[in-house]
Amino acid sequence: MGETYMYCLGKFAEQEGKLAGEFYTPSCVVRTLVEVLQPFHGRVYDPCCGAGGMFVQSAEFVKEHGGSVRDDITVFGQESNPSTWKLATMNLAIRGIEADLGNYADTFFDDQHKREKFDFILANPPFNLKDWGGDKLEEDVRWQYGIPPVGNANFAWLQHMIWHLNSKGRMAMVLANGSLSSQTGTEGDIRKAIVDADLVDGIVALPGKLFLTTQIPVSLWFINKNKKQPGKTLFIDARELGTMVSRKLCELKPDTDIKKIADAFNSFHEGTLEDEKGFCAVASIADIAKQDYILTPGRYVGIADIEDDGEPFEEKMARLTGEIAKCFDESNRLQEQIKKNLEAIGYGL
């Protein structure tokens, strides 16, 4: 029944577009966050939980690895939209997942879990939220790395979640790509402060068309208060991954795309990962500083090498030149034939 419910939510998102995006995150994106974060045991939090998809996938992950949802994870969330809050409550109840979602309320102004710290945080906050009330929260204790700009809540969400991590906490979130490089207002300074605090475990650039609700390109941020590789950050450019399942929609496949991303993080944490041009690279804080603290993965992973087909350059050029000449000859021949056909029916060129 739970799978049917999520299927219906997905279909609703497909039909309703942007509005549905307020509560629905594509399951392949959620699964990627969960497979990398691996929330086996502890307190899981989502400050903008929508329909509860992050909790559902976390529970599935625990069960797939032999754990018990009731015994191994405790779920906390918040949602400002009353209708969406009801959807989440129903979605979790159907699956037997007990959760503390508090009351529906604005996360920035009425934090329902104000004094709580968490082991894991997963979230897909609204992208580039403009009217979030930042001018009324300039002295907020959550802004440890700088006051977020009034016109964009991206770094307010990021700092809200970092504030709620415990001393060994880890988080994974979806953010618009602009957050990787923007210098608007205080964003560049905040990003620099977070990097210098050695909190950024990894960044993943996602392919386009994963979201039916927006064309804004997005990335995944992984933050870790207790990094296994101190001073280092993994960059993954996954823009070439995924399969188009329709003209408008791309999906990351679990056994190939998502596994490749998760395996790279596992190897990175074990200290055995080798850089792969065009896909992944490990950078130090000094490396990131040289890039002016811009976190766009393409700056670090480079461009994949083109596989050598073994054909000598001179021979390849001669062959391709000959093929182009044949194409031109065929084009001229067709043009002459069209001209003759038109002349035969009284239309001279």
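Source: prediction; values computed, not measured.

Novice: How should I be thinking about the overall build of the protein in this particular structure?
Specialist: Along the protein, the regular secondary structure elements total 11 helices and 11 strands. Buried residues in the protein amount to 46% of all 349 residues. Of the contacts formed within the protein by residues at least 6 apart in sequence, a portion of 72% connects residues at least 24 apart. Just so you have it, the protein exposes about 18000 Å², and 51% of that area is on carbon and sulfur atoms.

Novice: Can you walk me through the packing of aromatic side chains in this structure?
Specialist: Any aromatic ring pair is given by two values, namely how distant the centres are and how the planes are angled relative to each other. On inspection of all chains with the given rule, the structure shows 12 aromatic pairs. Geometrically, the ring pair formed by Tyr45 and Phe118 is stacked, given 4.4 Å between the ring centres and 15° between the ring planes. With Tyr45 in strand β1 (residues 42–46) and Phe118 in strand β4 (residues 118–123), this residue pair connects regions lying 73 residues apart in the sequence. Residue Tyr45 is classed as buried on the basis of its relative accessible area, which comes to 0%. According to the relative accessible area criterion, Phe118 is buried, its value standing at 0%. Ring geometry for Phe108 and Trp143: centres 6.4 Å apart, planes at 65°, overall edge-to-face. Residue Phe108 is found in the loop between β3 (99–100) and β4, and its partner Trp143 is found in the loop between β4 and α6 (154–163); the two are separated by 35 residues along the sequence. For Trp143, a relative accessible area of 8% corresponds to the buried category.

Novice: Sorry, what's going on with the nonpolar core here?
Specialist: Looking at soluble globular proteins, one finds that nonpolar side chains tend to be buried together. Membership of the largest hydrophobic core comes to 50 residues, with the highest contact counts inside it found for Val204 and Ile236. When residues in this core are grouped by element, the largest group, seven residues, is from helix α2 (residues 27–37). Excluding anything up to four places from it in sequence, Ile236 contacts Ile203, Val204, Ala205, Ile261, Ala264, Phe265, Phe279, Cys280 and Pro297. Ranked by size, the runner-up nonpolar core spans 39 residues in total, among them Trp143, Phe155, Ile203 and Trp221.

Novice: Explain the packing of α6 against helix α7 (residues 187–196) to me, please; I cannot follow it from the model alone.
Specialist: Describing two packed helices takes the angle between their axes plus the distance from one axis to the other. Between α6 and α7, whose axes approach to 11 Å, the crossing angle comes to 25°. Here α6 is positioned roughly parallel relative to α7, judged by the angle of their axes. In this structure, the crossing between α6 and α7 has a hand that is left-handed. Facing Phe155, Leu158, Gln159 and Ile162 of α6, the residues of α7 in contact are Glu187, Ile190, Arg191 and Ile194. Across the contact of α6 with α7, the residue classes tally to five nonpolar, one polar and two charged.

Novice: I would appreciate a short explanation of helix α3 (residues 53–64) in the present structure.
Specialist: At 3.6 residues per turn, the α-helix brings residues three or four places apart onto the same side. Between its first and last C-alpha atoms α3 spans 16 Å; for 12 residues at 1.5 Å apiece the expected length is 16 Å, and the two agree. Counting buried positions along α3 yields nine of 12 residues, so the element is predominantly enclosed. Turning to α3, its buried residues number three or more, namely Gly53, Met54, Phe55, Val56, Gln57, Ser58, Ala59, Phe61 and Val62. Two residues or fewer past α3, Gly66 is found with a positive phi of approximately 80°.

Novice: What's the story with α2 in this structure? I'm lost.
Specialist: Within α2, nine of the 11 residues are buried, which leaves the element mostly enclosed by the surrounding structure. Taken together, the buried positions of α2 are Cys28, Val29, Val30, Thr32, Leu33, Val34, Glu35, Val36 and Leu37. Looking one or two places after α2, you find Gln38, whose phi comes out positive at around 55°.

Parameters at a glance
- Residues numbered from 1 in each chain as written.
- Predicted model: local features only at pLDDT ≥ 70, side-chain atom pairs only at ≥ 80, totals over all residues.
- Heavy atoms only, no water.
- Helix = DSSP H or I, 4+ residues; strand = E, 2+ residues; numbered from the N terminus.
- Buried < 20%, exposed > 50% of the residue type's maximum accessible area, 1.4 Å probe, protein only.
- Contact = heavy atoms within 4.5 Å.
- Areas by Shrake-Rupley, 256 points an atom, 1.4 Å probe, with all protein chains shown as cover.
- Phe/Tyr/Trp six-rings, centres within 6.5 Å; stacked < 30°, edge-to-face > 60°.
- Core = buried A, V, L, I, M, F, W, Y, C linked by side-chain atoms within 4.5 Å.
- Axes fitted to C-alpha atoms, helices over the stretch in contact; angles between N-to-C directions.
- Parallel < 35°, antiparallel > 145°, perpendicular 65-115°, else oblique.
- Left-handed = near helix turned anticlockwise from the far one by under 90°.
- Nonpolar A, V, L, I, M, F, W, Y, C, P; charged D, E, K, R; others polar.
- Expected span 1.5 Å × (residues − 1).

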